[in-house]
There are 4 protein chains.
Amino acid sequence: MLILFRPDASATDEQRVVALIQESGCEAVPIPGLRRRAVAVAGNDGRVDGARFAALPGVEEIVTLTKPYRMVAREWRSDPTIIRLPGGMTVGGNPLLVVAGPCSVESETQIRRTAEAVKQAGAVALRAGAFKPRTSPYAFQGLGERGLELLAEVRRDTGLLIVTEAMDDEGLDQVARVADIIQIGARNMQNYSLLKRAGRTGKPILLKRGPTASVTEWLMSAEYVMAEGNPNVILCERGIRGADATTRNVFDLNVIPAVKQISHLPVMADPSHGTGRRALVRPMARAAVAAGADGLLIEVHVQPDQALSDGAQSLYPEQFSLLMEEVRGIAAVLDRTVAGAAAIAASPST
Amino acid sequence: MLILFRPDASATDEQRVVALIQESGCEAVPIPGLRRRAVAVAGNDGRVDGARFAALPGVEEIVTLTKPYRMVAREWRSDPTIIRLPGGMTVGGNPLLVVAGPCSVESETQIRRTAEAVKQAGAVALRAGAFKPRTSPYAFQGLGERGLELLAEVRRDTGLLIVTEAMDDEGLDQVARVADIIQIGARNMQNYSLLKRAGRTGKPILLKRGPTASVTEWLMSAEYVMAEGNPNVILCERGIRGADATTRNVFDLNVIPAVKQISHLPVMADPSHGTGRRALVRPMARAAVAAGADGLLIEVHVQPDQALSDGAQSLYPEQFSLLMEEVRGIAAVLDRTVAGAAAIAASPST
Amino acid sequence: MLILFRPDASATDEQRVVALIQESGCEAVPIPGLRRRAVAVAGNDGRVDGARFAALPGVEEIVTLTKPYRMVAREWRSDPTIIRLPGGMTVGGNPLLVVAGPCSVESETQIRRTAEAVKQAGAVALRAGAFKPRTSPYAFQGLGERGLELLAEVRRDTGLLIVTEAMDDEGLDQVARVADIIQIGARNMQNYSLLKRAGRTGKPILLKRGPTASVTEWLMSAEYVMAEGNPNVILCERGIRGADATTRNVFDLNVIPAVKQISHLPVMADPSHGTGRRALVRPMARAAVAAGADGLLIEVHVQPDQALSDGAQSLYPEQFSLLMEEVRGIAAVLDRTVAGAAAIAASPST
Amino acid sequence: MLILFRPDASATDEQRVVALIQESGCEAVPIPGLRRRAVAVAGNDGRVDGARFAALPGVEEIVTLTKPYRMVAREWRSDPTIIRLPGGMTVGGNPLLVVAGPCSVESETQIRRTAEAVKQAGAVALRAGAFKPRTSPYAFQGLGERGLELLAEVRRDTGLLIVTEAMDDEGLDQVARVADIIQIGARNMQNYSLLKRAGRTGKPILLKRGPTASVTEWLMSAEYVMAEGNPNVILCERGIRGADATTRNVFDLNVIPAVKQISHLPVMADPSHGTGRRALVRPMARAAVAAGADGLLIEVHVQPDQALSDGAQSLYPEQFSLLMEEVRGIAAVLDRTVAGAAAIAASPST
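Criteria and cut-off values
- Residues numbered from 1 in each chain as written.
- Chains lettered and ligands numbered in written order.
- Predicted model: local features only at pLDDT ≥ 70, side-chain atom pairs only at ≥ 80, totals over all residues.
- Heavy atoms only, no water.
- Least-squares fit on C-alpha atoms with pLDDT ≥ 70 in both.
- Contact = heavy atoms within 4.5 Å.
- Disulfide = S-S within 2.5 Å.
- Helix = DSSP H or I, 4+ residues; strand = E, 2+ residues; numbered from the N terminus.
- Buried < 20%, exposed > 50% of the residue type's maximum accessible area, 1.4 Å probe, protein only.
- Lys, Arg positive; Asp, Glu negative; His and termini not counted.
- Salt bridge = Lys/Arg side-chain N within 4 Å of Asp/Glu carboxyl O.
- Domains from an automatic or database assignment.
- Buried area = accessible area lost by both parts, 1.4 Å probe.
- Polar contact = N/O pair within 3.5 Å; in protein donor to acceptor, adjacent residues only side chain to side chain.

Caption draft 1: Molecular detail of the relation of the copies chain B and chain D. Mapping chain B onto chain D is achieved by rotating through 180° and translating by 0.0 Å along the same axis, at an RMSD of 0.0 Å. What we have between these two chains is a two-fold relation. Taking the C-alpha atom as reference, chain B places B:Ala243 closest to the rotation axis, 2.0 Å from it. A shared interface surface links the copies, since 100% of the contact residues of chain B are contact residues in chain D too.

Right, here's the structure in full:
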């Protein structure tokens, strides 16, 4: 941390800052030769908060030089994290993980038919919500426990891994009994109670980026999970809020290579929410893979025009099949493979 | 809802849309004379979701004409909501409610001294967090239950109303026993489980706007509370995320008059978080009152340079006293008063 | 400037950076005691660009410690700039300058009637565009030279100062012959050729903030004008782009006190563009004054429902009169006055 | 256009609106069956501006149903525009156009060596600025006319097409004599005088998206060029401003497929500005191609650590060669080619 002084700061102002640094058990090191006078705070293990200095007389600005994250960072672990999933599958290594399915479980027929369709096209995991966070209290909120039962049956019958969202403490325990990967949604990215509890399950956690979260905030939320002893965090970019209604969100693919530089955690991408429009999903799914994503989350529905939620961004199964072919082509350019049907065939059926 | 067709939409495309509207039990009314062909969906009580049509062949765009909110809206209740608080105080009527205090309860001395200082300057309510949502799992997370006990003692001894945040289900029950107003923080604005539970307490709920929430999303979160039978929701603008680091947030005062047109709920403003810098708090607190806010939330600390959180945006007690005088002056220009010491003096000490 | 190294940076990486600093004629000062290794660049008068180091092997981050602006900064001149205008009026000192008028000059009747109305309500300057930058090439682009003639006549007959926008080099010369204050619009905030030419006129320049400009970019555009020897720059906040369509823009009043800390230049506010909706103009004009603005720019039209542009945000003259009363009230709370009719009466009519 | 009424609008309010619609020569068509009363404005050829109605008593909201653009839209021309360039090259058809080069022309050696390097790697066009819009008036502003001379020589000697930026009227005429494609930079996207003048040159215009421009604003700026009779507009996404400093910009690739649905114009992408960091350029260039971009603009410098501007985002020539190989691979997955050395070899050398 550096503390920069205003040009008109007095000697007393500087001494006050130095004294406060020393009181905190750190060392105050003056920085020579800059146009503005400055002191560095040396030996700060995090206990001195820059905000304390920010509004003292004579202080112009606090520059934080250390990053707040620890376990999520490459400094802590330079090799990429490869998360092991049932059936010998992984995420974070060479093979891409493609997860597909409807926004929510709506009925037995709907979820079974969609599961078969995505499996046939090559997906190895099914995503569908039993508990749905909806902006309106009057909108369909998911089938709840019955939805989880249906997912458990589909898992048993198809071998597809199950990815589904937990919204609160109670739901988390239920979800943890069925899901292979527990999703924490964008709206709950900073629900720290939920993150801690998710950490304690030990299960792989798919952590969606909040619609306005900075990369640092997102990584700090992953840190909450890891700090509970759970290293299995998958980050997932799903679009940030933009000023232009032409697309529902701005799909911020820059963060894929940027986060992979900073962190060892796998990063997936959700072009369905990232674009909000069916016609944009295929090109942007390709783009995400080209940018280096470790996997995709794709909304697919056998009858998008009947969907109870997110129909406008759900692919038809045929579109998803075409997408899978393109994804394999682009993965090959990057010397990567796509985890596929073989993996499922070989997997134990629970 | 209107469904607009692409210029190249076929008759079949239009018939498909009309059929789907009719299947949903609504009526399809063609709109004549526009440059683009369009049908309106008449008789839709909310059960038809525009997303179903959005990606059908030939459909260009869905225009939603009805607002999703109900109970929060002026259409539902044209008079402003005036929330009654202990001690005969109110929020949402003529008198402004000024709530002040430190970011968090740090110690008995700190909270008692700050409470006395803000009371002396004219605040009628004390805000301080016992449970703190922090971006880092390693940062000070609040004193928890002990913090609530201290707040209860301060309440008893000073007559100040208590405003404090609940972060999760368990904490909510604890907070509800002590707080006169329960704060739901910005990060939890879309934590729907928490909102429902807050609704069920029946207590006044201070609902902070999320850092990127649209006005509609914010009002829908208020709707979650009201849908549980709790009409006592106070909205609070606290800054949205901006692209410029010069200020910590963009304090979006436009929403104060804008929301008051749409909704009957009281709207307060938090210039401490809205600016993030002590030197900006006074001018922007004045601005919030001038824009029509029903009250203010101000961070005050007896020793900001020793604060465990948010020190950079906390006022010294003397600054808060000056601010109170300015607030009274501006309120008078708008023919409003500021709920003051008299109210507290008259209040039962619980 | 500080250069921070990655944890895995080699000695060679550090030496390369040090050598490059020295080649540039600066000194490399290692910073001890931080968790990350770092060197400061001492003696840099601006000739060393941090970008050179940003992507060298082993370099993690460049932290710029000096601000790019010079003449606009308080460091360069600690007293506030008070710009002298014809008729003994000023902006930047105690009295607020209220400028009002229609978005564009539409006809002789319209501009004369509006001028009289705003003068009667107490405005001392008339703003109206002769050249209008419009998003569409097919929209009304202003009356051009004829508009300027009408403004010159109104000036002569009413004593009102004239504020009008220049969009390009040719127009700038024409505008400079008529205007007392030349407006550079938000879309041209970074049209550097125009800024330089505006600087060379020596006339007061009203520089609107671009809809996404950072404070630094805005001040650097003012620096372009000042670097041509023209110290008479008035900054004007007019709203930045936000993600919510509830209001046309986010009116970023935080920048008023924030800029006044950094710069000695006067700062005005334009609540008409800042809100985009007539019903929000009065509360937000009050808020701007309460936040410390040195003046207001208000759209007023005698027949807003007939306006060729911006009708939705133009006040009726009666509304403007009420606004002026409120502005005087709030100014008084801050011990400020509003430049008024007396000033005009005393002014020479050119 | 639809005009929606407030629930409490009176019959008089509605009649006032209907009368105003009729006065404007349009027809007012009531829309039955909606929850809110509404009238459609039929027969509006653009002359009625919604803003007129927006703030009338009883009016709640104006919904614009027609898009403001004409010539840029697919409705006007359904086939994609293929722009013919010297040497038989094109942009907008199957082959991708890769343009590479340094931010600015710095010296004869620098520009010649970089030109040779990018040609060898397979680029067919050289981009380099002679006139540079810089945020600071004190920063390097380009070599000006001498820079253009050097570009003309390089063009003659290498056969590379020249892409260079024009910043103002005077510079535009100079640039037009040398450039094969004239770039209008992001800061000038709404400099309408410049756009009109660029339109009149008849030359291909590369129109960068402004850092906060909506898709509609961007297309309307293209419309300004086309309205002058110049159909040769190439759109170029270069990143929008985001709230997170982790990357310089948010590279908004969603707009590539989104704009291609709306418009027939070619869309290129600039991952150098879109990311601002060298390490992100390759993955995001791949992503842009995968998303459907018609070409790339890549900053390449023989000595990025000596660059006078944008060094941090410039690739080394070797990195650019690797990128070209990846681009060819991804293009092949999409059944596209990359315009290459063969094209240049065959091209007349001016």
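Caption draft 2: Layout of the state of the cysteines. As enumerated under the stated definition, the model contains 0 disulfides over all chains in all. Cysteine A:Cys236 remains unbridged, with the sulfur of A:Cys103 as its closest cysteine sulfur at 14 Å.

Caption draft 3: Region of interest: the side chain of D:Arg238. Residues and elements named next belong to chain D. Position of Arg238 relative to the elements: it lies in the loop between β12 (233–237) and α8 (255–262). In this structure Arg238 is buried but unpaired, with Asp270 as the nearest side chain of opposite charge at 5.8 Å. Each residue touching Arg238, except ones within four places of it in the same chain, is listed here: Ala186, Lys208, Arg209, Pro211, Asn249, Phe251, Asp270, His273 and Gly274.

Caption draft 4: Structural detail: the pattern of salt bridges. What the rule picks out here adds up to 92 salt bridges over all chains. For C:Arg6, the salt bridge is made with C:Asp8, and the minimal N-O distance between the two is 3.2 Å. Judged by relative accessible area, C:Asp8 falls into the exposed class, the value being 55%. Salt-bridge contacts for C:Arg146 lead to C:Glu149; the nearest nitrogen and oxygen are separated by 3.3 Å. Within this pair, C:Arg146 and its partner C:Glu149 are both found in helix α4 (residues 145–158), separated by 3 residues, close to a single helical turn. Of the residues examined, C:Arg146 reaches a relative accessible area of 37% and is grouped as partly exposed. For C:Glu149, a relative accessible area of 40% translates into the label partly exposed. Salt bridges here are not isolated pairs; linked through shared partners, they connect A:Glu108, A:Arg112, A:Arg146, A:Glu149, A:Glu153, A:Arg156 and A:Asp157.

Caption draft 5: Main features of the domain arrangement of chain A. As assigned here, chain A comprises domain 1 (2–63) and domain 2 (83–343). On a C-alpha basis, the centres of domain 1 of chain A and domain 2 of chain A stand 45 Å from each other.

Caption draft 6: Local environment of the interface of chain A and chain B. Taken together, the 45 residues of chain A in the interface contact 45 residues of chain B. Together, the buried faces of chain A and chain B total about 3,900 Å²; carbon and sulfur atoms form 50% of this surface. Considering only the side of chain A, the residues that lose the most area to chain B are A:Arg52, A:Tyr138 and A:Arg241, jointly responsible for 16% of the buried surface there. Taken together, the connections running from chain A to chain B amount to 2 salt bridges. The closest approach of N and O atoms between B:Glu217 and A:Arg241, which form a salt bridge, is 2.6 Å. Linking chain A to chain B there are 18 residue pairs in polar contact (both at pLDDT 80 or more).

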